[in-house]
Number of protein chains: 4
Amino acid sequence: MQKIRIAIFGASGYSGAELLRYLVRHPRAQIVALSAESSVGKAVADLYPALRGLDLPIFEKTDADSLKGKADLVFLALPHTESMKIAPSLVAAGLKVIDLSGDFRLADAGLYPEWYKVEHLAAGYLGQAVYGLSEIHTDLIRKASLVANPGCYTTTSILALYPLLKAGWLKTSSIIIDAKSGVTGAGRKLTQSNTFSEVDGNFSTYKVGGVHQHTPEIEQELSAAAGKKVMVTFTPHLLPINRGILATSYGDLAKPAEVKDLLKCLADFYQGKPFIRVLPEGVLPVLRDVNGTNLFEVGVKIDARTNRAIVVSATDNLGKGAAGQAVQNMNLMFGFDEMAGLDVIPLPI
Amino acid sequence: MQKIRIAIFGASGYSGAELLRYLVRHPRAQIVALSAESSVGKAVADLYPALRGLDLPIFEKTDADSLKGKADLVFLALPHTESMKIAPSLVAAGLKVIDLSGDFRLADAGLYPEWYKVEHLAAGYLGQAVYGLSEIHTDLIRKASLVANPGCYTTTSILALYPLLKAGWLKTSSIIIDAKSGVTGAGRKLTQSNTFSEVDGNFSTYKVGGVHQHTPEIEQELSAAAGKKVMVTFTPHLLPINRGILATSYGDLAKPAEVKDLLKCLADFYQGKPFIRVLPEGVLPVLRDVNGTNLFEVGVKIDARTNRAIVVSATDNLGKGAAGQAVQNMNLMFGFDEMAGLDVIPLPI
Amino acid sequence: MQKIRIAIFGASGYSGAELLRYLVRHPRAQIVALSAESSVGKAVADLYPALRGLDLPIFEKTDADSLKGKADLVFLALPHTESMKIAPSLVAAGLKVIDLSGDFRLADAGLYPEWYKVEHLAAGYLGQAVYGLSEIHTDLIRKASLVANPGCYTTTSILALYPLLKAGWLKTSSIIIDAKSGVTGAGRKLTQSNTFSEVDGNFSTYKVGGVHQHTPEIEQELSAAAGKKVMVTFTPHLLPINRGILATSYGDLAKPAEVKDLLKCLADFYQGKPFIRVLPEGVLPVLRDVNGTNLFEVGVKIDARTNRAIVVSATDNLGKGAAGQAVQNMNLMFGFDEMAGLDVIPLPI
Amino acid sequence: MQKIRIAIFGASGYSGAELLRYLVRHPRAQIVALSAESSVGKAVADLYPALRGLDLPIFEKTDADSLKGKADLVFLALPHTESMKIAPSLVAAGLKVIDLSGDFRLADAGLYPEWYKVEHLAAGYLGQAVYGLSEIHTDLIRKASLVANPGCYTTTSILALYPLLKAGWLKTSSIIIDAKSGVTGAGRKLTQSNTFSEVDGNFSTYKVGGVHQHTPEIEQELSAAAGKKVMVTFTPHLLPINRGILATSYGDLAKPAEVKDLLKCLADFYQGKPFIRVLPEGVLPVLRDVNGTNLFEVGVKIDARTNRAIVVSATDNLGKGAAGQAVQNMNLMFGFDEMAGLDVIPLPI
C-alpha cells in the first residue's frame, strides 16, 4: 500500500514523541523529516530511548521550504505562536497541515490577544482551518487542508458536554468543569514546577478563575452545540502522574432527567464512533483505562438532591488529547481506516 | 506537669497511628491503653515500624470497663457504627470521649438510616455530643464530654465555606465541592481498590451523585452558617498519593465581590486561630504545605466571566482531617495550649 | 489464517490479564476459555476495565477435562503448586501447555521441598518440561509439549549473565544479583504489604539471604552456562512502581576485559534475537524503555579499580518476565513468527 | 537560654530548606542570615511555601565579610568547589563552619582532581577539617572549627560497614555497595533527568563503574576502619521517590559468623548513639521509617550458601545524609544536647 510522506515540526516534545509511537506502526505512514530547533543533529532515541531501534530521521532545523514535493502532510507540534508563522506557507505549497498548537483553534482572531497575548499573524487562515474534534467535525476534517487539533483539556471537556448541551439537557449558564491532568500535559520544557520533587506526593490547581487558554475553545464548541453563547468555569489541576486527564463536569438539569436519558443522548450521538466509550449506568471512567490509547470514556451521575448532572470523562492527554487525535484526523483527511495505527490495548494494570 | 491518661480504641488504623505520632510528643499526654481487635498482643511497631523505639502499650481487646479510674480521655478510632455501642458507657463512667467516627456527628438521628444504613443505637447522646470543628465550636468543645470529631472531607470543605456563607457572599443553592483525597483517607482495611497496582498512575471518582456519607455533615454545618437549609453537590476523588485532601469549591456570588472581600471575610473569621492559614490574594493551597501537620489552608479566586467564586482548601486528611484535630480538641477540652503537641513543620520538599 | 484455540487457567491474575492484552491482538490466537476460581461468572472487564470492549469468554471454573478437543494450548497462570496437579492430565490429553508458575522449572525434583516447601506431585514430568527461556532453549521449546515459563527475576538475571559465564568472563563464585521489581511482580493477591499506602514513597528488601524461590532457577541455568556449579547471592527489592525489573549484577572478572569485550560477547550470543537489546557502550537500561513490552535490555560497565563487571538488565516483569515470554514461547511451539502479537512500542514518556 | 547566631550560605537548595526545618524548632538556634545567589531578595516561602509563617531573613548575596561579629556558625550548602573559596576566610574570622559540600571531606588533596575535576584551592585547610560522621568522629567534631559534613550515600554506606570492617568480619576486597536514592539527593537544580515525567514509574542507574564522587569518601573511612586500604564497588540508582537512601551492601565473611554476631558488633559499636538503630535479627530497614528524620537504621542477613553478609542500611538523604547530621554536628560543636532540634517522629504511614 502506498504510504504518505510525513514531516513533524517540533518533534522533540512529548506530543511529537507520541506521534512517532503511533505513526511508526501505521500501515500508511512514512516519516520523512523531523525538526527540533533545540536538538538539531540528534536522534530521536537520544531524547526518547524507549524509541530506540526504530528507523527514523534525525532532527533537523525547521524549514518549511525544504518539504515542497517531499512531504504530503506536516504535523506542527511547535509552541503556541510558532505555528501561525509557518502554517500559511505550508498550506500555500499544497501540503496538508495538522497543527497541534492553539494557533488556529479559535475562529475569532480577536480572542488571541486576550487568551494568548498575541495578535494573530495569519488571521486570514482561521476561516479555512477546521477545528479537529474528530467526532464532531468529521466531514469538514475529511476535506480540510489545515486542521487545528484541539487541546487536551478541550477534547476531554467538549466531548462530554457537547451532546448534552445540544439536546438541551443542561442549563447553559451552569457549566463548571473541574479538570485534572497528568504532568506531560505541560510539555517537556524544564520548569521548577514540573520537577519530580515538586510534583510527587503533591496536588495543586493552576490558572484558576477563567484564565486558562483552553477556555475559549471549550466555549466556542459548546456554544455551537447549544445554539447560544455558553460560558464555563474551568479549573485545571495538576495530578502526580504522567498521563491522563479526568474532567468532572457539573451542569444543572434543564428538564427532568434520569441517568439513562443522558447516557442515551451520549450513546446516540456517538453511535459508531470507534474511540468513544459511553460507559454503562453506574460506571465512571478512570485514567488507567484510557492511558496509552486514543480512547475517550464518559459516564454520568445525577445528584437528585441538587438537580445536577455530574459528567465524568477521561482521555490520555497525549492520546485523544493530542497525538492520537492528530493521527485520527490524518486518517480522516487521507481516507484511511479511522483506527489505522491507533488500535492499541491499554495496560490492564 | 501533670499528664492526662489516654486510651485509644481502634488504635491500629491509620488515624490511631497518627494520634500516637502527635501524642507521644505532647507534653501533657500519657498513653495508658491501646486496643485493636485484630492485633491483640502485638506492639505498635509490629504494624508501624516507623513508630519503633517509643514506649507504648501493646494492643489489647477493646474493653470500656477496664478504663474506669485508669484513664481520663478515650479516643475512639473505631469503624463507623462501633463507637455508638461503646461511647455511652464511657461517658457515663465519667471519661471524656473524642470519637473519630461518624457516629455522633449528625444531630438528627433520623439521618443515620439514610447515610450510614443503620438505626442509631445511642440517639440520646447526640444532643450532648459536640461537633468537633475546633475553630467553629470552640467554646462548646471546651466544655464537652463527648466530641464528635469531624470527617476529613468535611473539615476541608466546611472551614472553607462556613465564613463565606455566614456572611452571605455565596448563593446557598449553588455550592459544588469537588474534593480529591489521598489513599489513607480510606483507612487501613485491605481492598482491591487500595492496592498499589490499582491506584498508582491512576485517578478516579467514587460515591458520586450525592451519596457520600460526609455530605450531611457538610450540610448540617453550612446550613447553620447560612441560617437556612444548604444542600451541596459533593464529589470525592481518589488521588495516587498517601495523604492530603484538596477541595475545589464553587459558589455563585450572591452580591458583587472581589477576591479581597472574600479573603477578608475568611481572615476576619479565623483571626487568631493558629492552624488556619488564609493565603494572600493570588496564592492557592497545595497539599505538600499541609501534609504531616494540623494546618488548614485556603485561598480564593473569582471567575468574573461567570460570576463564581472558586475556593480552594487543603488539609492533611490524617491531620486536621482526623488525628490532628482530635488532639486539638483534646487541648481545648483539657485547657491545654491549643498548639501543644501539634507544632510540627511540614517537609519543605 | 487458521487460529489456535487457547485456554488460560488462572486468568484473573496480572499475568493472565497481560496474556490477554497480547493475545487479543495476535493474528493466530483465539481465546476459547478462561478460568478463575475466585471470579466464576464474571467478565474480564469486571476485574480489568481497561480490557472492556474485547470479545472474551467469561471466567469459569478450572476444568481440565472440558478442554479436550476444544483447545490446542493452555496457559497455566495458577498459583505455585497448583499447576503440578493439573498439567499432567492436559499434556496426556494432547494439549500443549505453557505453565507460568514455578512448578516445572527445576529439573531436580529434590529442590522443591527446600524452595517451595512441597513435595513435587508430578516429578515424572520434570524431564519432558522445557525451561522456557526463549533465547536459550529455542529449539527445545519448538518441540516441547510442556514449557515451564521462567520467573521474572530469573529471566532478567539469566539473560544478562548466561553468555558472560558461558564465555568464561566472570568468576563463577563471585556472582551477586541485586534486583529491584515493581509491585505487580507479587501478583494480585491482597496483602498489607502491597497496599498503596505501604508501598508509595517507600523502598524495601524482601526474602534476603539466599531464600527467594527464584534462586535455584537462576543457578540451574547459570551452572549450565558455566559448565560447573554456580551459586549466586540474589537480593530482591520492592520498587514503588507497577511494572519492571532492573537487575544490577556483579561479577569479578576472570580475565582481563574491557567493556567492549563483554558487550561483544552478549551481542554475538543474541545475534538475530528480536527481543534482546544489547545497549552500546556507555548506555545502561532503564525500566521505562522496556515496560509494556517483551523486550530485554542489557548494558555493561567495568569497575577497573576493583576488577568487577557490573551488568545491568531490565525487563517488564509481566512482559518478558511472564506473559510476553509465554506468548513468545507459544510462537516458537506453533511455528508462528516469533514477534507475532508482541510488536508493541513502549511509551516514550 | 542563649542562642547561637547562624548563617546559611546557599540556603535556597533542598539541604538549606531542610536545615531551616530543623533549626526553626531548635531551642538554641537563631537564624541571622540566609544567602542564595539566584534568589536574592526573595523570601524562603517564595521557594518553599511549606515554610511560610516562619520568621526568617530574606535571601541575600553570599558575603563572608558581612558575618564578622554577627554570626557564630555558618552552614555552607553551596555547590561543590564553592565552599573551598569561602570557608577559609570564615574560619580565619573565628566563625565555626559546617560545610555540606564535598570540598573538605577528602584528607588527601590529590584526590580532588580525579573525583571532582578541580585542583583544591584551600588544601591547607584539609588538615584541620574534621570529617563530620557524628558517631565516628564525635570527639574531633566537638573541638572542630571546620566540619566537612559527609555525603548522603557516604553516611548510609559507612555507618553500615565501619564497625564490621573494624572488627574484621568482612573481607576488605569484597565490598560491593548497591545504593538507591530518592530524587532530592540530586538537588534542586533543573535537569531533564529530574523532571517528574522522566522519573515517575521509572528506575535507573547512574555513574556506574567506580566513578561516583562519594566513592573516595567511603574508601577513606572504611580504610581507616579496616586498618588497610579498602576499595569498594559503589553503584548508585535513582528511585522514583523524593527522599531516602537504602544501601544494600555485600561482603564476603572473613571468618565464620552468624547474623547475631554481626548485629552484636554493630550494636556494641553504636551503644548509646541516639540516632542509630540496629534492627533485631530478621528485620531490615525500609525508607519510610527514617524519612523526615535524622535516623540511621541497619539490619543484617547472611547468605550461608555463598558465605556472604548482606547489610541493609537506610537514611533520609536530607536528614542523616545532609541537614540532620549537620545539625547533629552543630549540637556536638556547641555542647548542646545531641538530639536538640532533631527529635521528630517519622510519619507512620
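Residues numbered from 1 in each chain as written. Chains lettered and ligands numbered in written order. Predicted model: local features only at pLDDT ≥ 70, side-chain atom pairs only at ≥ 80, totals over all residues.

Moving on, we come to the overall build of chain A. Helix and strand content of chain A: 10 helices and 14 strands. On C-alpha atoms alone, chain A measures out to a radius of gyration of 20 Å, which is about the 20 Å that the 2.2 N^0.38 rule sets for 349 residues. Overall, the C-alpha framework of chain A stretches about 60 × 45 × 40 Å when taken along its three principal axes. (Helix = DSSP H or I, 4+ residues; strand = E, 2+ residues; numbered from the N terminus. Rg over C-alpha atoms; globule rule 2.2 N^0.38 Å.)

Before going further, it helps to spend a moment on the relation of the copies chain A and chain C. It takes a turn of 180° to lay chain A on chain C, together with a shift of 0.0 Å along the axis; the resulting RMSD is 0.0 Å. Taken together, the turn and the small shift mark the pair as related by a two-fold rotation axis. When the interface residues of chain A are mapped onto chain C, 100% of them again lie at the interface, so the same face is used by both copies. (Least-squares fit on C-alpha atoms with pLDDT ≥ 70 in both. Contact = placed C-beta atoms within 7 Å.)

Here we come to the sheet that holds strand β13 (residues 296–303) of chain A. Residues and elements named next belong to chain A. Taken in spatial order, the 7 strands make up an open sheet running β9-β10-β8-β11-β14-β13-β12, and their pairing is mixed. In this open sheet, the two strands that pair with only one neighbour each are β9 (204–205) and β12 (276–278). Looking at chain direction, strand β8 (residues 176–181) and strand β10 (residues 233–238) are connected through 6 bridges and run parallel. Across the sheet, residue Ala-179 finds its bridge partner in β10, namely Pro-236. (Pairing = 2+ DSSP bridges.)

Between chain A and chain B, the superposition needs a rotation of 180° and an axial shift of 0.0 Å, giving an RMSD of 0.0 Å. When you check the interface residues of chain A against chain B, 100% turn up at the interface there too, and the contact is symmetric in its surfaces.

What follows is about the interface of chain A and chain B. In many analyses, interface size is given as the accessible surface area lost on bringing the parts together. At the junction of the two partners, chain A supplies 36 residues and chain B supplies 36 residues. Secondary structure elements with two or more residues in the side of chain A that touches chain B: β8, β9, β10, β11 (245–252), β13 and β14 (308–315) of chain A. Grouping the amino acids of the side of chain A that touches chain B by side-chain chemistry returns 17 nonpolar, 12 polar and 7 charged. (Nonpolar A, V, L, I, M, F, W, Y, C, P; charged D, E, K, R; others polar.)

Residue and element names in this part refer to chain D. One open sheet accounts for 7 strands, arranged β3-β2-β1-β4-β5-β7-β6; its pairing is parallel. The open sheet has two free edges, formed respectively by β3 (59–60) and β6 (130–131), since each of these has just one partner strand. Together, β4 (73–76), β5 (96–99) and β7 (146–148) form the strand contacts of helix α3 (residues 83–92), whose direction differs from that of β5 by roughly 160°. (Axes fitted to C-alpha atoms, helices over the stretch in contact; angles between N-to-C directions.)

The subject of this paragraph is the interface of chain A and chain C. Contacts between the two partners involve 23 residues from chain A and, on the opposite side, 23 residues from chain C. In terms of residue count, the dominant contributor to the side of chain A that touches chain C is helix α1 (residues 14–23) of chain A (4 residues). Of the residues assigned to the side of chain A that touches chain C, the class counts are 12 nonpolar, 5 polar and 6 charged.

Glancing now at the pairing of strand β13 (residues 296–303) of chain D. Residues and elements named next belong to chain D. Counting buried positions along β13 gives 8 out of 8 residues, so the element sits mostly inside the fold. Across the two faces of β13 the burial is the same, with Phe-296, Val-298, Val-300 and Ile-302 and Glu-297, Gly-299, Lys-301 and Asp-303 all buried. Strand direction decides the pairing type here: strand β12 (residues 276–278) and β13, joined by 3 bridges, are parallel. Looking at β13, one finds that Val-278 is bridged to Val-298. (Buried ≥ 20, exposed ≤ 12 C-beta atoms within 10 Å, placed from the backbone.)

All names here are of chain D. Contact pair helix α6 (residues 152–166) / helix α8 (residues 215–226): the axes reach a minimum separation of 8 Å and the direction vectors enclose 15°. The orientation of α6 with respect to α8, classified from their angle, is roughly parallel. Where α6 crosses over α8, the two elements pack in a sense that is right-handed. Of the residues in α8, those in contact with Thr-154, Ser-157, Ile-158, Leu-161, Tyr-162, Leu-165 and Lys-166 of α6 are Glu-217, Ile-218, Glu-221, Leu-222, Ala-225 and Ala-226. Tallied by class, residues from the contact of α6 with α8 come to 8 nonpolar, 2 polar and 3 charged. (Parallel < 35°, antiparallel > 145°, perpendicular 65-115°, else oblique. Left-handed = near helix turned anticlockwise from the far one by under 90°.)

Moving on, we get to the confidence of the model for chain A. Across chain A, pLDDT averages 97, with 100% of residues at or above 70. Two summary scores accompany this predicted model of the complex, namely pTM at 0.98 and ipTM at 0.97. (pLDDT = per-residue confidence, 0-100.)

Turning to the domain arrangement of chain A, a few remarks are in order. All names here are of chain A. The assigned domain composition of chain A is domain 1 (4–128) and domain 2 (153–317). Taken together, the 9 residues of domain 1 in the interface contact 7 residues of domain 2. The residue inventory of the side of domain 1 that touches domain 2, partitioned by class, reads 6 nonpolar, 2 polar and 1 charged. (Domains from an automatic or database assignment.)

Put simply, side chains in a regular strand alternate between the two faces of the sheet. Residue and element names in this part refer to chain C. Side chains Lys-96 and Ile-98 project from strand β5 (residues 96–99) onto one buried face, and the interleaved Val-97 and Asp-99 project onto a second face that is buried too. Both strand β4 (residues 73–76) and β5 contribute to a ladder of 4 bridges, which runs parallel. Counterpart to Leu-73 in the pairing with β5 is Lys-96. Regarding topology, helix α3 (residues 83–92) serves as the crossover connection from β4 to the parallel β5, and that connection is right-handed. (Right-handed = clockwise from strand over helix to strand, strands pointing away.)

All names here are of chain B. Turning to helix α3 (residues 83–92), its buried residues number three or more, namely Ser-83, Met-84, Ile-86, Ala-87 and Leu-90. End-on view of α3: buried residues confined to an arc of 165°, all on one side of the axis. Tucked inside the fold, the buried residues of α3 contact β4 (73–76), β5 (96–99) and β7 (146–148). Of the residues flanking the end of α3, it is Gly-94, one or two places downstream, whose phi is positive at about 90°. (Arc of directions from axis to C-beta.)

For the rest of this paragraph, the subject is the environment of Arg-243 of chain B. Assignment of secondary structure puts Arg-243 of chain B in the loop between β10 (233–238) and β11 (245–252). As for Arg-243 of chain B and Arg-288 of chain B, which are separated by 45 residues in sequence, their C-alpha atoms are 9.1 Å apart.

So, about the environment of Ile-98 of chain B. All names here are of chain B. Relative to the helices and strands, Ile-98 resides in strand β5. Sequence separation of Ile-98 and Ala-224 is 126 residues, and the distance between their C-alpha atoms is 22 Å. Excluding its chain neighbours within four sequence positions, the residues that come into contact with Ile-98 are Leu-73, Phe-75, Gly-132, Val-147, Asn-149, Ala-326, Asn-329 and Met-330.

Counting buried positions along helix α1 (residues 14–23) of chain C gives 10 out of 10 residues, so the element sits mostly inside the fold. Looking at the buried positions of α1 of chain C, the neighbouring elements they touch are β1 (4–9), β2 (29–35), α2 (44–47), β4 and α10 (319–333) of chain C.

Residues and elements named next belong to chain D. Relative to each other, helix α1 (residues 14–23) and helix α10 (residues 319–333) sit at 45°, their axes nearing to 8 Å. The orientation of α1 relative to α10 falls into the category oblique. Seen from above, α1 lies across α10 with right-handed handedness. Of α10, the residues touching α1 (which contributes Ser-15, Glu-18, Leu-19, Tyr-22 and Leu-23) are Ala-322, Ala-323, Gly-324, Ala-326 and Val-327. Tallied by class, residues from the contact of α1 with α10 come to 7 nonpolar, 2 polar and 1 charged.

All names here are of chain C. As for its position among the elements, Ala-144 is in the loop between α5 (138–143) and β7 (146–148). Ala-144 sits 14 residues away from Val-130 along the chain, and the two C-alpha atoms are 6.4 Å apart. The residues contacting Ala-144, other than those within four sequence positions of it, are Val-130 and Met-333.

This brings us to unusual backbone geometry. Located in the positive-phi region is Lys-117 of chain A, a residue other than glycine, with phi close to 60°. The phi dihedral of Asn-307 of chain B is positive, around 60°, even though this residue is not glycine. Tracing the sequence through the fold places Asn-307 of chain B in the loop between β13 (296–303) and β14 (308–315). Accessibility expressed as a C-beta count within 10 Å gives 16 for Asn-307 of chain B, which makes it partly exposed.

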